[in-house]
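As a plain string of letters, each chain reads:
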Amino acid sequence: MWNQVSKSFVPLVGLWFGFDLLSHLIAESFWFQEVGYLRVFWLRLGTQAAIWTIVTLGSAWFLLGNLVHADRLKPQPSKTQHSNSPNALFWLIPLTFALSLLIGVLLLHYGQTAASFWQLNWVLPNISPVSPTQFGLDTIAQILAQLFAPLGQGWVASLELIALAGFAIALLIYPRFLLTVIAIGFSLGLGFILSHHWGKVLQALHAISFDGIEPLFNRNVGDYVFFLPIAELLQYWLIGLFIYGFVAVCLIYLLSGNSLSEGTVSGFSPQQQRHLSGLGGCLMLAIALSYWVSRYELLYSTRGVAYGASYTDVAVQLPAYTALSFAAVAIALYFFYRACFNSKFRIQNSKLFYGLAIYGLVATIATPLLSISVQRFAVQPNELAKERPYIERSIAKTREAFNLTEIDAQTFNPQNDLTLEALQKNALTIRNIRLWDTRPLLQTNRQLQQIRPYYTFFDADIDRYTLPSEQSKRTTEEQQVLIAARELDYNNVPPEAQTWVNEHLTYTHGYGFTLSPVNRVAPGGLPGYFVRDIGVDAPNQGNGNLRLSSQQIRASIPIENPRIYYGESAHTYVMTATKVQEFDYPSGNENAYNTYDGRGGIKIAAPWRRLLFANYLSDWQMLLTSNFTEQTKLLFRRNINERIRAIAPFLRYDQDPYLVVADVKENQGATPSRLYWIVDAYTTSDRYPYSDPGQFGFNYIRNSVKVVVDAYNGSVDFYVSDAQDPMIQSWAAIFPNLLKPIATLPPALLSHLRYPIDLFNSQAERLITYHMTDPQVFYNREDQWQVPNEIYGNKTQPVEPYYLITKLPTAASEEFILLLPYTPNQRTNLIAWLAARSDGENYGKLLLYTFPKQELVFGTEQIEARINQDPVISQQISLWNRAGSRVVQGNLLVIPIERSLLYVEPLYLEAEQNSLPTLVRVIVAYENQIAMAATLDEALQAIFQPTPTKTPAIVRPVE
């Protein structure tokens, strides 16, 4: 009966798994065909399949072949009764149990690596896997420490340890069956893990030389970036494979012939010894490879005062690793000799054991002790002299890897001669001083502009647009604005309305955006808007049903078709062109509806396609609904973060995609798109020699790609913004149809490119230390910098980089820059500021302005202290901070104007409940004066041209 059931059930299960695999494969093919990157998908899938096949079949052939061979050589159970030998059991049980535990720890280590690939977090900047942690003595110690840590906290907390012990006991009871099952599973797991590193394999096959040469081994930097990860993967594979093979065969031999029950061990036969010698030779070759790779990994050592190979690493570790590697090869050759030839020239087993013990002691104890001794007694007494060449290497390579060598450093000598006439000459800078931070603007938007509960403003981004001038409507100027997309978040739909039809057929897209100047304040202290509202009937609305502030704005900002099908909050899949009307936007007491006519989506009218995608999405309602038509299309993977990572997972992405509204003047079909997402993408590596990664998981970075996603059609384009980067050259050789030259980016979008914040943050953080190029200054940390703090709300936080429009001291006109000030370590006065340029031919250039060390330039913390210590200003803030409301101190901006610095901080007032922040005051500081007034103009006038104002400004001199 059971055989009949199994004969029917097993084929059905196999058929179902086959259909599930086929449906996922075809669905992914359709999706990649929709976005135009089908060849990318098939090359990636083919590479993964090839790696998986080679690793899995190779591992299974090796392990199963050795298990079968061991099964042939093991002695058969004796029919003669033997008396138990306590001496044999004394060492046999602990030995076999320890070997079983070793297998358990090995599987736990490799299983954790495999589990990390099972479900990806699509929001992470980088989903490409890093090189896995190698299995070794330190790994075993770490895993055991984690397992034994919960002891004493009850058996529930110790479940992992209990499970491991149970596994080891089961392995002793059923060794042959379990070792075979584990061998199959382990082979599949190894193939699964290594196949996820397909990108490293492809890049090694398309390696590009870097400009730099690593000085220790005199090899090109590209050898480490492209080939060292492959050597580490090979080490990871072979170490695990050979350890398991050797230990498994040992267990079979030790547990054969009822050895545990009878308490007798006859020892290894000559054939078994030859078998174990062959396996031991393989293991020693893997160990030799491990030590040889470790020689090059010294370039990433953290032992010395600087990152990379230090004096001790070069003088002790490098020769030791070389000797250990050659010794391991010699031992492996001897093992192979024993396995292949039954010669009289054989070392006694006891002597061989002692030799291996000595090798282990040298590797695990003697070498580390020698390194510690040299570091303590030879290096530390004369550390600077010993480490100077290695410090120089670390400084040079870190600056290369983070592109700090391209920074143009200049001296900024404050003249402190700013006048009202100078402010008027820099009126564009003044008009673009940011009074609205993204956080209070988002709070206001969510109160006033979400319109309906199912809309959301996920983020607000700073950009610049060419708009009519406030001074003369006939002229235009670059204005800094905050733009926020009004997306639809289905999770906010009322629970009683959360039906399958509403989720997938009705609520399909967001609508519109808000666009507000950074410096405009409407009556009541609320933000002023260029574009706002939704579903309005106003003379300036145009065709987008959004309210615009003027006809001039309408001529500058294209708002036709402001529908957002692809965005940061789009987490559901939807079907369009169905019998159910798609909700478009609310209009008064009624709703407007629309039918999607964009280029995105996959047609699913055919029954077989519905079945395929119903299985792929685990949504069988797709088969039962009668709302589909011949034109129905499925739009899935609509979240732009997931979308771009699915196409190019090998890139690292900026955490702040930003929305751009532009008319690209291309043939886009019946309904043109006007909204685009721009995402900065990076090529990164953690294998750039001598480069210090600091707090980051990489030690090389380039902003090599700009990604543009159409918010309506869903198209994704990758543009190469740094063609000199060897890593992007490698990817371009791998995927020639994926990457486009930046020259093909439409000009309307090109003008909105900005220097990315994540790249700037990484460079700014590394510059804190690596602006010091003199080894002695670096060693003593004499000129260490830090990012200053500011008060935001009532909390202290580090100053964040901020965009502004200003004219740099050496520039001819205003431009859009990203700026961050520095202070000396443990000091509060300014020492420098870093600026990244974003406009035209100057895009990507970095400027570092350093202040004379003999002059005091107020830092943000000093200005904040003077603001909060001022008796009149602090009294006013205290009056506002009464029950039910609180004052929020906004970002303190340091604005360079000519050869002077101006400090501006907005003050917001918000209720503790249902917060709706309003801008109530602007504080301006210059030299020894601080002014607080209702507007920026009044505060500036109070300092530079004191006259009576409607709301008297508070002006306090700073002593």
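- As recorded in an unreviewed UniProt entry, the protein goes by UPF0182 protein C7B65_12555 and comes from Phormidesmis priestleyi ULC007.
- Note on the protein: under the UniProt heading Subcellular location (unreviewed entry), the record states "Cell membrane".
- In its Sequence similarities (unreviewed entry) section, the UniProt entry covering the protein states "Belongs to the UPF0182 family."

**Re the packing of aromatic side chains**
Here is step 1 of the chain: Per the counting criterion, the structure on display carries 57 aromatic pairs.
Here is step 2 of the chain: Arranged with centres 4.5 Å apart and planes meeting at 20 degrees, the rings of W833 and Y849 form a pair that is stacked. Of this pair, W833 sits in strand β29 (residues 832-837) while Y849 sits in strand β30 (residues 846-850), and the two are 16 residues apart along the sequence. Y849 matches W833 in its accessibility class, with the two residues each being buried.
Here is step 3 of the chain: Among the aromatic residues, ring-to-ring pairing joins F30, W31, F32, F41, W42, W608, F613, Y616 and F636 into one connected group.
Here is step 4 of the chain: Note that R439 overlies the ring of Y792, its terminal NZ or CZ placed 3.9 Å from the centroid.
Here is step 5 of the chain: Sitting over the ring of W31, R637 keeps its end group 4.5 Å from the ring centre.

**A few points about the side chain of S371**
Here is step 1 of the chain: Position of S371 among the secondary structure elements: in helix α12 (residues 349-379).
Here is step 2 of the chain: Take S371: its relative accessible area is 1%, and that puts it in the buried class.
Here is step 3 of the chain: Setting aside its immediate chain neighbours within four residues, S371 contacts R303, T312, V316 and Q317.

**Description of the sheet that holds strand β17 (residues 633-635)**
Here is step 1 of the chain: With antiparallel pairing, 3 strands are arranged side by side in an open sheet as β13-β17-β16. Of all the strands in the sheet, the pair left with one neighbour each is β13 (574-576) and β16 (602-603).
Here is step 2 of the chain: Where β16 lies against β17, 2 bridges are found, and the strand directions are antiparallel. In the sheet register, I602 faces β17, and the bridge partner there is L634.

**A short note on the domain arrangement of the protein**
Here is step 1 of the chain: When its domains are assigned, the protein resolves into domain 1 (36-76 + 86-254), domain 2 (268-381) and domain 3 (858-944).
Here is step 2 of the chain: For domain 2 and domain 3, the distance between their C-alpha centres works out to 65 Å.

**What to know about the pattern of salt bridges**
Here is step 1 of the chain: Per the stated rule, a full pass over the model turns up 29 salt bridges.
Here is step 2 of the chain: Its salt-bridge partner being D663, residue R674 comes within 3.5 Å of it at the nearest N-O pair. A residue pair is termed long-range when its members are at least 10 positions apart, and R674 in the loop between β19 (658-661) and β20 (675-685) and D663 in the loop between β19 and β20 qualify at 11 residues.
Here is step 3 of the chain: Look at R674 and you get buried, because its relative accessible area is 11%.
Here is step 4 of the chain: Through salt bridges with shared partners, one network takes in D463, R464, E478 and D839.

**Let's talk about the pairing of strand β26 (residues 795-798)**
Here is step 1 of the chain: Strand direction decides the pairing type here: strand β25 (residues 789-792) and β26, joined by 4 bridges, are antiparallel. Following the sheet pairing, E790 is matched in β26 by Q797.
Here is step 2 of the chain: Connecting the antiparallel pair β25 and β26 is a turn made up of 2 residues, with G793 showing a positive phi of about 70 degrees.

**Quick look at the environment of I734**
Here is step 1 of the chain: Positionally, I734 belongs in helix α22 (residues 726-734).
Here is step 2 of the chain: I734 gets classed as buried once you look at its relative accessible area, which sits at 5%.
Here is step 3 of the chain: Separated by 596 residues in sequence, I734 and D138 place their C-alpha atoms 37 Å apart.

**A look at a nonpolar patch on the surface**
Here is step 1 of the chain: Residues W16, F17, L611, W620, L623 and L624 make up a contiguous nonpolar surface patch of roughly 640 Å² in combined accessible area.
Here is step 2 of the chain: Of all the secondary-structure elements, those providing two or more residues to the nonpolar patch are α1 (2-35) and α20 (621-624).
Here is step 3 of the chain: Following the sequence through the fold, L623 ends up in helix α20.
Here is step 4 of the chain: Judged by its relative accessible area of 36%, L623 is partly exposed.

**Side note on the nonpolar core**
Here is step 1 of the chain: Membership of the largest hydrophobic core comes to 146 residues, with the highest contact counts inside it found for Y244, F513, I557, F613, V707 and F718.
Here is step 2 of the chain: The element best represented in this core is helix α8 (residues 221-255), accounting for 17 residues.
Here is step 3 of the chain: If you count residues domain by domain, this core takes at least three from each of domain 1 (36-76 + 86-254) and domain 2 (268-381).
Here is step 4 of the chain: Once residues within four sequence positions are removed from consideration, F513 is found in contact with I483, A484, A485, R486, V531, R532, L546, I557, I559, L659, V661 and L675.
Here is step 5 of the chain: Counting residues in hydrophobic clusters, the runner-up holds 110 residues, among them V225, L384, I407 and Y822.

**Remarks on helix α6 (residues 175-195)**
Here is step 1 of the chain: With 21 residues, α6 ought to run about 30 Å at 1.5 Å a step, and its terminal C-alpha atoms sit 29 Å apart, in line with that.
Here is step 2 of the chain: Listed as buried for α6 are P175, L179, I182, A183, F186, S187, L190, G191, I193, L194 and S195.

Definitions and limits used
- Residues numbered from 1 in each chain as written.
- Predicted model: local features only at pLDDT ≥ 70, side-chain atom pairs only at ≥ 80, totals over all residues.
- Heavy atoms only, no water.
- UniProt positions renumbered as here; feature names shortened; annotations may be inferred.
- Phe/Tyr/Trp six-rings, centres within 6.5 Å; stacked < 30°, edge-to-face > 60°.
- Helix = DSSP H or I, 4+ residues; strand = E, 2+ residues; numbered from the N terminus.
- Buried < 20%, exposed > 50% of the residue type's maximum accessible area, 1.4 Å probe, protein only.
- Lys NZ or Arg CZ within 6 Å of the ring centre and 35° of its normal.
- Contact = heavy atoms within 4.5 Å.
- Pairing = 2+ DSSP bridges.
- Domains from an automatic or database assignment.
- Salt bridge = Lys/Arg side-chain N within 4 Å of Asp/Glu carboxyl O.
- Patch = residues over 30% accessible without salt bridge, like charges linked within 9 Å, V, L, I, M, F, W, Y side chains within 5 Å.
- Areas by Shrake-Rupley, 256 points an atom, 1.4 Å probe, with all protein chains shown as cover.
- Core = buried A, V, L, I, M, F, W, Y, C linked by side-chain atoms within 4.5 Å.
- Expected span 1.5 Å × (residues − 1).

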